[in-house]
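Topology and contacts: notes
Letter by letter, the chains look like this.
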Amino acid sequence: MGQKKDLTGSEKSKIVRYLAEGCSSLKIAKLLKRDHRTIKRFIQNSQQGRKKRVEKPRRKITAHELRKVKRATAKMPLATSLAIFQSCNITGVPKSTRCAILRDMAKVRKAERRPPLNKTHKLKRQDWAKKYLKTDFSKVLWTDEMRVSLDGPDGWARGWIGKGQRAPVRLRRQQGGGGVLVWAGIIKDELVGPFRVEDGVKLNSQSYCQFLEDTFFKQWYRKKSASFKKNMIFMHDNAPSHASKYSTAWLARKGIKEEKLMTWPPCSPDLNPIENLWSIIKCEIYKEGKQYTSLNSVWEAVVAAARNVDGEQIKTLTESMDGRLLSVLAKKGGYIGR
């Protein structure tokens, strides 16, 4: 009789059956021709059942340590709970307790993605705010481009799922499956566009001016009155295709020059209200983790979402400019958020 050989599943089932019939462990060992100690050990392990989990007492945090954690959280943004507590020399605190403590004074967030601001940038932002502080922003046309992909930005496919339900499957494609470049503008309570940049076209100075000619000027600007054109101020950012000498000269020939072409400070997407419009449209077209199968379908979704943005929403964005300028001056050229 081998002692080292483990019991098979069939032998374990027979042991259970024999025990139910009232057989002793010694008799079962003889029936199975196995060592009595092996049978006895299996019976003992089966009768013990699952061991109960012993709860360890949690480490208590003093008021002094709590203040240290709060200061460390402020000094170490985006740090893990372990790193924060280690910086305070607080050890022996389990992760669940650390997170419960931090939840009362902080929340988990992603780092904001924005261009870096140096001293020169901040000074130029302040100068820009002072220059346009008394401007009638209802006459400013705010413009920008936005790229939309078939899959949407990373991290937009998260949401609540009921217990017992499986998360829906998402397609995985390189570069988000490709995308569409969209141009639009807002002025007072009116949306200009959106207009789609032809697929495969890279916007350089020449293609950007040709695009404006075919869309903005022919389809919208030419329909406006002479008094409107005389007072309108055109805004676009400092992208190379916008700020080049070629584009500036081309716009001047169209009558958009000098004070009618707004100068723009560097690294300042937070000052352009149309960025908020892009957020509204993206939230709509990618809600509930929606994906698209073709470039035409995502473009149609953009058009539908833009159509649902009413004049009051646009007016709220364009009327926010006075407050943005004051915030720039108050923060000495720093970011104001959006």
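Note: the structure precedes this text.
So, here's what we can say about the structure. (Residues numbered from 1 in each chain as written. Predicted model: local features only at pLDDT ≥ 70, side-chain atom pairs only at ≥ 80, totals over all residues. Heavy atoms only, no water.)

With that settled, consider the overall build of the protein. Scanning the protein from N- to C-terminus turns up 15 helices and 4 strands. By the burial criterion, 38% of the 338 residues in the protein qualify as buried. If you take every contact in the protein between residues at least 6 apart in sequence, the share linking residues at least 24 apart comes to 76%. Of the roughly 22,400 Å² that the protein leaves accessible, carbon and sulfur atoms contribute 51%. (Helix = DSSP H or I, 4+ residues; strand = E, 2+ residues; numbered from the N terminus. Buried < 20%, exposed > 50% of the residue type's maximum accessible area, 1.4 Å probe, protein only. Contact = heavy atoms within 4.5 Å. Areas by Shrake-Rupley, 256 points an atom, 1.4 Å probe, with all protein chains shown as cover.)

Turning our attention to the packing of aromatic side chains. Tallied over the entire structure, the rule returns 15 aromatic pairs. Summarising the aromatic geometry, the rings of tryptophan 128 and tyrosine 132 are spaced 5.7 Å apart at their centres and angled 50° between planes, so their arrangement reads as tilted. What makes tyrosine 132 buried here is its relative accessible area of 4%. Note on tryptophan 183 and phenylalanine 195: the rings are 6.1 Å apart at their centroids and 20° apart in plane angle, and the pair reads as stacked. Within this pair, whereas tryptophan 183 is found in strand S2 (residues 179-187), its partner phenylalanine 195 is found in strand S3 (residues 190-196), the two being separated by 12 residues in sequence. One exposure class covers both tryptophan 183 and phenylalanine 195, and it is buried. (Phe/Tyr/Trp six-rings, centres within 6.5 Å; stacked < 30°, edge-to-face > 60°.)

Our focus in this paragraph is the pattern of salt bridges. One pass over the full model with this rule turns up 9 salt bridges. Put simply, glutamate 11 and arginine 34 hold a salt bridge, and the shortest N to O gap is 2.8 Å. Taken together, the positions of glutamate 11 in helix H1 (residues 9-20) and arginine 34 in the loop between helix H2 (25-32) and helix H3 (36-48) put the pair 23 residues apart, joining distant regions of the chain. With respect to burial, glutamate 11 and arginine 34 carry one shared label: buried. (Salt bridge = Lys/Arg side-chain N within 4 Å of Asp/Glu carboxyl O.)

What follows deals with the nonpolar core. Trp128, Trp142, Val148, Met262, Ile281 and Ile285 are the most contacted members of the largest nonpolar core, which totals 39 residues. Listed by contribution, the elements that provide at least two residues to this core are helix H7 (119-131), strand S1 (140-149), S2, strand S4 (233-235), helix H12 (274-285), helix H13 (295-307), helix H14 (311-318) and helix H15 (321-330). With 6 residues, the single largest contributor to this core is H13. Every residue in contact with methionine 262, bar those within four places of it in the chain, is listed here: Trp128, Tyr132, Phe137, Val140, Trp142, Ile233, Phe234 and Met235. (Core = buried A, V, L, I, M, F, W, Y, C linked by side-chain atoms within 4.5 Å.)

Of note, the bond from glycine 193 into proline 194 is cis; its omega dihedral lies within 30 degrees of zero at 5°. Mapped onto the fold, proline 194 is located in strand S3. In this structure, lysine 188 is a non-glycine residue whose phi angle is positive, near 55°. Structurally, lysine 188 can be placed in the loop between S2 and S3. When its relative accessible area of 46% is taken as the criterion, lysine 188 is described as partly exposed. At glutamate 258, a residue that is not glycine, the phi angle is positive and equals roughly 50°. The topology assignment puts glutamate 258 in the loop between helix H11 (245-253) and H12.

It is worth spelling out the sheet that holds S4 at this point. As summarised here, the arrangement of the 4 strands in space is S3-S2-S1-S4, forming an open sheet in which the pairing is mixed. A strand with exactly one partner marks an edge of an open sheet, and here the two such strands are S3 and S4. Taken over all neighbouring pairs, the strand axes of this sheet differ in orientation by 20° on average, direction set aside. Set on the sheet, H13 makes contact with S1, S2 and S3; between it and S3 the angle comes to about 175°. (Pairing = 2+ DSSP bridges. Axes fitted to C-alpha atoms, helices over the stretch in contact; angles between N-to-C directions.)

The next thing to look at is H2. Within H2 the residues assigned to the buried category are Ser25, Ile28, Ala29 and Leu32. For H2, the arc enclosing every buried residue in end-on projection is 100°, short of the 170-degree limit, so these residues lie on one face. Residue lysine 33 follows H2 closely and has a positive phi angle near 60°. (Arc of directions from axis to C-beta.)

Right, let's get into the pairing of S1. Among the 10 residues of S1, 9 are classified as buried, and the element is accordingly described as predominantly covered. Relative to S4, S1 is paired through 3 bridges, and the arrangement is parallel. Directly across from valine 140, in S4, lies its bridge partner isoleucine 233. Two strands pair when backbone bridges link them, and S1 and S2 are joined in this way by 8 bridges, in the antiparallel orientation. The residue bridging threonine 143 from the neighbouring strand is glycine 185, located in S2.

The residue histidine 121 is located in helix H7 in this model. According to the relative accessible area criterion, histidine 121 is buried, its value standing at 17%. Among all residues touching histidine 121, those that are not within four sequence positions of it are Pro116, Pro266 and Cys267.

Size it by volume and the second largest pocket reaches roughly 450 Å³. Looking at the second largest pocket, it is lined by 15 residues, and the ones nearest its centre are Ala79, Leu102, Ala106, Lys107 and Val108. Per-element tally for the lining of the second largest pocket: the top contributor is helix H6 (residues 95-103), with 3 residues. Taken together, the residues of the lining of the second largest pocket sort by class into 9 nonpolar, 3 polar and 3 charged. (1 Å grid on protein atoms, 1.4 Å probe; cavity = no way out; pocket = protein on both sides within 12 Å on 5 of 7 lines; lining within 4 Å. Points joined across faces, edges and corners; volume = space filled by probe spheres on them. Nonpolar A, V, L, I, M, F, W, Y, C, P; charged D, E, K, R; others polar.)

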